[in-house]
Amino acid sequence: MNEDNVLMRIQGLTTNFHTYAGVVHAVDDLSLTVPKDSVVGIVGESGSGKSVTMMSVMRLIPSPPGRIEGGNVWFDGAALGMPDRTEKEGPNKGMVDLLGLPADAMMKVRGRHIGMIFQDPMVSLNPVLTIGLQMTESMVVHGLATKEEAWKRAVDMLALVGIPNPEERMRDYPHQYSGGMRQRVMIAMALSCSPELVIADEPTTSLDVTVQAQILELMKELKAKLKSSIIIISHDLSIVAGMADKVVVMYAGRVLEEADVYDLYEKPGHPYTMGLMKSVPRLDAENRERLVPIEGSPPDLLSPPAGCKFAPRCKYAMNICREQEPPLVMVGEGHRARCFLHHPAAPAVIGFVKVD
Amino acid sequence: MAAQTAWEFKEGALPEGGKFELSPQGSGELQQIAGRPTTYWSDAIRRIRRNRLAVVGFWIIIALLFVAVVGPMVSPYSYEDQDLENTFQSPTLRHPFGTDQLGRDQMTRVMYGSRISLAVGIVCAALNFLIGVTYGGIAAYFGGRVDDIMMRIVDILYGIPTLIIVILLTVLFKDKGVSPLVNVFIAIGLTYWLPMARIVRGEILSLKEREFALAAKTIGAPNNRILFRHLIPNAMGPIIVTVTLEIPSAIFTEAFLSYIGLGVSAPVASWGVLASDGTEAIRSFPYLVLFPALAISLTMFAFNFLGDGLRDALDPRLRQ
Amino acid sequence: MDTILKVEHLKKYFAVNVGGPFTRQMASLKAVDDVSFDVGRGETVGLVGETGCGKTTVGRTIVGLYKPTAGAITYCDQNLCVLTNEAMRKVRSKLQMIFQDPYASLNPRMTVGNIIGEPMDIFSIGTLAERRERVQELLRTVGLNPEHANRFPHEFSGGQRQRIGIARALAMNPEFIIADEPISALDVSIQAQIVNMLEDLQQNLGLTYLFIAHDLAMVKHISDRVIVLYLGKVVEVDESKDIYRHPLHPYTKALLSAVPIPDPRIEMQRQRIVLKGDLPSPVNPPSGCHFRTRCPIAQPICAEQQPELRDMGSGHMVSCHFVS
Ligand SMILES: Nc1ncnc2c1ncn2[C@@H]1O[C@H](COP(=O)(O)OP(=O)(O)OP(=O)(O)O)[C@@H](O)[C@H]1O
Ligand SMILES: Nc1ncnc2c1ncn2[C@@H]1O[C@H](COP(=O)(O)OP(=O)(O)O)[C@@H](O)[C@H]1O
Ligand code: SF4
Ligand code: SF4
Ligand SMILES: [Mg+2]
Ligand SMILES: [Mg+2]
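Residues numbered from 1 in each chain as written. Chains lettered and ligands numbered in written order. Predicted model: local features only at pLDDT ≥ 70, side-chain atom pairs only at ≥ 80, totals over all residues. Heavy atoms only, no water.

> For this particular structure, what's the right way to read the side chain of Arg89 of chain C?
Tracing the sequence through the fold places Arg89 of chain C in helix 2 (residues 85-92). Given the relative accessible area of 18%, Arg89 of chain C is considered buried. (Helix = DSSP H or I, 4+ residues; strand = E, 2+ residues; numbered from the N terminus. Buried < 20%, exposed > 50% of the residue type's maximum accessible area, 1.4 Å probe, protein only.)

Next up, the structure:
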């Protein structure tokens, strides 16, 4: 991969929650790269650590009980404009470790360089402030614009995300907007400072199918228009299919598979990914076939199983899978998977593309 | 990044072939749950244990109960025994709290007073449960007109100050041989279930829309079962907190009424009576008011600490 | 196929306050407005539509949680709307419901055994030991370990709780089950487990389902027939295998095109019909055709005249002026 093309590189991120019942290993030694000007989809079931990963990147983990135990989040130093904090050499030359930044420097990164769109827009909007005030605030705080300029830009942003009569709607309160419109406002807000990276955490989960389609179309449109990279998080493989360049599948706080979007859907390299695809019915299926579910339930992160975390539910589990955890290995161009089935000594399995 | 990450194995060497045979765990097995059984209450107890003040409050209340029951029994004096040769004694070993204007042992009287206070507390708690919970529950569950009428009655009763009720009762029962303590009980009985009724109503109003209440209806559960088996047990947290915070307020009301001469009167020793007697001699013998006042404050603090602790421990929003 | 449930001109209006927090001004919210359909024995009928279009209300009115404003519900030749409370309670044991939210639909203060055994307890069926026996059997039927009968709901995962809810619904040997979005709160990998289980139960116990959902792909998978609702009205009814291939109503077309397909080759190229705006308020729905404010092919007549639900042949019903 071209080293200059990396916007953000998460390395060995480990985040735990120290609760009464024990330590929840929410994110465990997770690594992932976000190239510039690209869309990365993160897919995983609830509790797989998608949100905690992103909250760790933003340094918004509630503490206590949460704690980032280790790892680095390297972000493009040129974009941040913090020359004294950039690495001078080594593999991360020219990058800044967000986890090492002091709190006030981190404040300047949030909103300005990394924008965030949450699942439930009503929770993230302040109900007693007008939309206009909330939209202009971050631009003014980050010193990007005067009040008047910010107002003009906010109106433009609202128009961009398809809010009719933006000039008037700026004076409305969040409850006067419908769910879909609030999510549009959230998108406009996340984009208002032209951040290099936008993180959308399940942006359509609380919306209806038709409104979800509107928001997805809007995001596709914006992706073409704007320069930002996007991380789109979802529990639904089909939502990222139409948008992402690269898809990361998470399970039990780890990356199980990472691949180019076409590769992932055409030759999935992990039994979990395969299972996910077979367990959802397809609208375009000709005949009514019985679904193939993934048996069992996700592991308890308080005491995850030894070895491969997916082994208790895996149809192809081998003895070795229960003894040690498989490493994330390269199985193709930009395609990594964490599964022993790729090992030369493992048996061949139907429907599973093994590398040689 | 390299084209292919090397396979790393724990033992260093490649494991023998047998490790790579498919051996999935049987599918179609019954699903298990992990973890020890926990209940709402065991969780709550764990949380309250971590709250020091609440634990202290709890033990003070236990100690008070113990003193109230056992204290007067083991004391060598009785609360009404006069000893006119030893009036107004300062605290000594024989009389740790001193004696009053009639030479009665003040400690015995304070211990006896705690019986009255606790009786008031128990009556208040019982009425809270019997009337308050049921009344609020029924109003909320049936809703509509029933609710309107029942809650208007509560509003009206709310408007009448306890003091007025006691004065009215005193006038009413004058010279009828009714103990003034009964007046106090009736007054507390009439007023102290009202906040409980309101709180329970609020809780039940939101609980009855929850899906488990609807589910109970779809399996044909009759109304009283839904109310008493499904809804009220789920409102137990706020109910217990309210009771814990109502009790000290009732105890204080009794003490206050007795203090101003509307409650029990001498020789019966209630904390209010003791404090009132003590106030008369406060300049020369301050310890006479000190001990009953201490007892009252300690009780207030103990119940309030426990109540606050319970509120934090039982609040579903704070559950993790 | 004999008809087990017949819903005729069902209306359910709720009185709501539209005057804001300080003024009281009541209006009627037409949650269900003249809905008719029937369900054959052993069939699975899907009910789809956006949030607030009245799916849950239809389901809850059928099981008697709401009193209908008008219309008739006939279950096995018995008009449920005129039954006394007592008689209704009896019928209910044959007519059960599975709820959407597995976290809210189980009483957190009762053990799982008591939750599942409650219907038998209410109707005093069997001895205590027999009931316990039956609870264990039901737990096994829904794939849970019977030893967990004295655990509390919060100890189970979402999918397992939904199984408990299903076991409770099965306790009285029902014939008809209304499943109100039984899987939409569950993880993708768990949804298929539950759907497969519902299919197996239907096979083994001869159940009839009214399956409510907003996920068209899942509805198409599980149902024989699909009813599409919009703002409290039926806009299209068809066999589920045909509705994907030949949707007629513009709303159905838009719904279908909104469903993402897990295949980047299709998904990246797909031309979506994206509906404008949001669902109008059911307090004052648009005049004429309720869908006209978002309809891509609306004409002036749509604002004036309400389209009838017309039969286009072999049970394919559509309500639109411009479908032929
Ligand atoms: N008890 C009630 N009081 C007042 N309005 C209600 C009540 N129940 C439902 N409604 C309204 O009736 C309409 C239909 O609601 P319903 O719950 O049937 O929708 P739904 O199709 O099931 O939606 P969802 O997909 O969100 O479950 C909505 O506008 C809703 O706000
Ligand atoms: N504040 C918290 N306290 C304890 N555990 C938490 C907290 N936040 C998240 N977790 C745990 O971390 C894990 C990952 O959560 P999350 O990232 O939110 O999952 P998702 O993939 O659904 O976004 C879960 O097991 C969750 O229970
Ligand atoms: S490592 Fe083993 S258990 Fe894990 S996914 Fe691969 S085959 Fe299954
Ligand atoms: S009747 Fe008119 S508005 Fe309604 S669906 Fe048909 S074309 Fe659209
Ligand atoms: Mg999340
Ligand atoms: Mg619903």
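> What exactly am I supposed to notice about the pairing of strand 1 (residues 3-17) of chain C here?
A regular strand carries its side chains on alternate faces of the sheet. All names here are of chain C. Direction of pairing for strand 1 relative to strand 2 (residues 26-40): antiparallel, over a ladder of 12 bridges. Note on strand 2: the bridge partner recorded for Lys6 is Asp38. The pairing of strand 1 with strand 4 (residues 70-75) spans five bridges and is classified as antiparallel. Residue pairing for strand 4: Lys11 is matched across the bridge by Ala70. (Pairing = 2+ DSSP bridges.)

> Hey, could you run me through the sheet that holds strand 3 (residues 44-48) of chain C in this one?
Across a sheet, paired strands are connected by hydrogen bonds in the backbone, their directions being either parallel or antiparallel. Residue and element names in this part refer to chain C. Ordered in space as 6-7-8-3-9-10-12-11, the eight strands form an open sheet in which the pairing is mixed. Of all the strands in the sheet, the pair left with one neighbour each is strand 6 (95-98) and strand 11 (310-311). Relative to strand 7 (residues 176-180), strand 6 is paired through four bridges, and the arrangement is parallel. From the neighbouring strand, Ile98 faces strand 7, where its bridge partner is Ala179.

> For this particular structure, what's the right way to read unusual backbone geometry?
The phi angle of most residues is negative, glycine excepted, and most peptide bonds adopt the trans form. Look at the link from Ser63 of chain A to Pro64 of chain A: it is a cis peptide, with omega at -10°. Take Pro64 of chain A: it is sitting in the loop between helix 1 (50-58) and strand 4 (66-76). Omega for the peptide link from Pro64 of chain A to Pro65 of chain A comes to 5°, which places this bond in the cis form. For Pro65 of chain A, the location among the structural elements is in the loop between helix 1 and strand 4. Its identity as a non-glycine residue notwithstanding, Ala252 of chain A has a phi of 50°, on the positive side. Along the chain, Ala252 of chain A turns up in the loop between strand 9 (246-251) and strand 10 (254-260). Of note in the backbone geometry, His9 of chain C takes a positive phi value of approximately 45° without being a glycine.

> Can you walk me through the site of ligand 2 in this structure?
All names here are of chain A. Around ligand 2 sit 15 residues in total, of which Gly47, Gly49, Lys50, Ser51 and Val52 are the nearest. With respect to ligand 2, the backbone of Gly47 contributes an N or O atom lying 2.8 Å from an oxygen atom. Here an oxygen atom of ligand 2 and a backbone polar atom of Gly49 are 3.0 Å apart. Protein contact buries 69% of the 560 Å² of open area that ligand 2 shows by itself. Counting residues per element, the shell around ligand 2 draws most heavily on helix 1, at three residues. Counted by class, the shell around ligand 2 contains seven nonpolar, six polar and two charged residues. (Near = heavy atom within 4 Å. Polar contact = N/O pair within 3.5 Å; in protein donor to acceptor, adjacent residues only side chain to side chain. Areas by Shrake-Rupley, 256 points an atom, 1.4 Å probe, with all protein chains shown as cover. Nonpolar A, V, L, I, M, F, W, Y, C, P; charged D, E, K, R; others polar.)

> For this particular structure, what's the right way to read helix 6 (residues 180-191) of chain B?
At 3.6 residues per turn, the α-helix brings residues three or four places apart onto the same side. Residue and element names in this part refer to chain B. Given a rise of 1.5 Å per residue, 12 residues ought to cover 16 Å, and the 17 Å separating the end C-alpha atoms of helix 6 matches this to within 8%. Here helix 6 has its buried residues at Leu181, Asn183, Val184, Ala187, Ile188, Gly189 and Thr191. Of the surrounding secondary structure, the elements contacted by the buried residues of helix 6 are helix 3 (106-142), helix 5 (162-173), helix 7 (194-207) and helix 10 (236-259). (Expected span 1.5 Å × (residues − 1). Contact = heavy atoms within 4.5 Å.)

> Would you mind going over the sheet that holds strand 2 (residues 22-35) of chain A with me for this structure?
Residues and elements named next belong to chain A. The four strands lie next to each other as 2-1-4-5, forming an open sheet whose pairing is antiparallel. Every other strand in the sheet has two partners, leaving strand 2 and strand 5 (95-97) as the edge strands with one partner each. Averaged over all adjacent pairs, the angle separating strand axes in this sheet is 10°, with direction ignored. Where strand 4 lies against strand 5, three bridges are found, and the strand directions are antiparallel. (Axes fitted to C-alpha atoms, helices over the stretch in contact; angles between N-to-C directions.)

> In this structure, what is going on with the interface of chain C and chain A? I would like to understand it.
Quoted interface sizes are often the accessible area lost when the parts come together. Taken together, the contact between chain C and chain A spans 45 residues of the former and 45 residues of the latter. When chain C packs against chain A, the two sides together hide about 4,100 Å² of surface, and 56% of this comes from carbon and sulfur. Where chain C packs against chain A, one counts six salt bridges. Linking chain C with chain A are 19 residue pairs in polar contact (both at pLDDT 80 or more), by the criterion used here. Take the side of chain C that touches chain A: its biggest share by element is nine residues, from helix 6 (residues 188-205) of chain C. Tallied by class, the residues present in the side of chain C that touches chain A amount to 21 nonpolar, 10 polar and 14 charged. (Buried area = accessible area lost by both parts, 1.4 Å probe. Salt bridge = Lys/Arg side-chain N within 4 Å of Asp/Glu carboxyl O.)

> Quick question: what am I supposed to make of the side chain of Thr14 of chain A here?
Residues and elements named next belong to chain A. Inspection of the secondary structure puts Thr14 in strand 1 (residues 6-19). At 3.1 Å, the side chain of Thr14 forms a polar contact with the backbone nitrogen of Asp29. Apart from the residues lying within four places of it in its own chain, the contact partners of Thr14 are Val27, Asp28, Asp29, Arg67, Ile68, Glu69 and Gly70.

> So what exactly am I meant to see when it comes to the site of ligand 1 here?
All names here are of chain C. Taken together, 15 residues form the shell around ligand 1, and within it Thr51, Gly52, Lys55, Thr56 and Thr57 come nearest. Between ligand 1 and Gly52, the relevant distance is 2.8 Å, taken from an oxygen atom to a main-chain nitrogen or oxygen of the residue. Cys53 places a main-chain nitrogen or oxygen 3.3 Å from an oxygen atom of ligand 1. Those elements that place two or more of their residues in the shell around ligand 1 are strand 1, strand 2 and helix 1 (55-62).

> For this particular structure, what's the right way to read the nonpolar core?
Looking at soluble globular proteins, one finds that nonpolar side chains tend to be buried together. Membership of the largest hydrophobic core comes to 75 residues, with the highest contact counts inside it found for Leu158, Ile187 and Tyr265 of chain A. Considering every element that reaches this core, the biggest residue donor is helix 8 (residues 179-191) of chain A, with seven residues. Within the second largest apolar cluster, 64 residues are counted, among which are Ile115, Val142, Val226 and Val235 of chain C. (Core = buried A, V, L, I, M, F, W, Y, C linked by side-chain atoms within 4.5 Å.)

> Would you mind going over the packing of helix 10 of chain B against helix 12 (residues 287-314) of chain B with me for this structure?
Each pair of packed helices can be described by the angle between their axes along with the distance between the axes. Residue and element names in this part refer to chain B. Relative orientation of the contacting elements helix 10 and helix 12 amounts to 165°, with a least axis distance of 8 Å. It follows that helix 10 is roughly antiparallel to helix 12 by the angle criterion. Remark: the crossing between helix 10 and helix 12 carries left-handed chirality. Facing helix 10, whose interface residues are Gly237, Ile240, Val241, Thr244, Leu245, Ile247, Pro248, Ile251, Phe252 and Ala255, helix 12 presents Ile296, Thr299, Met300, Phe303, Asn304, Leu306, Gly307, Asp308, Leu310, Arg311 and Leu314. Counted by class, the contact of helix 10 with helix 12 contains 14 nonpolar, five polar and two charged residues. (Parallel < 35°, antiparallel > 145°, perpendicular 65-115°, else oblique. Left-handed = near helix turned anticlockwise from the far one by under 90°.)

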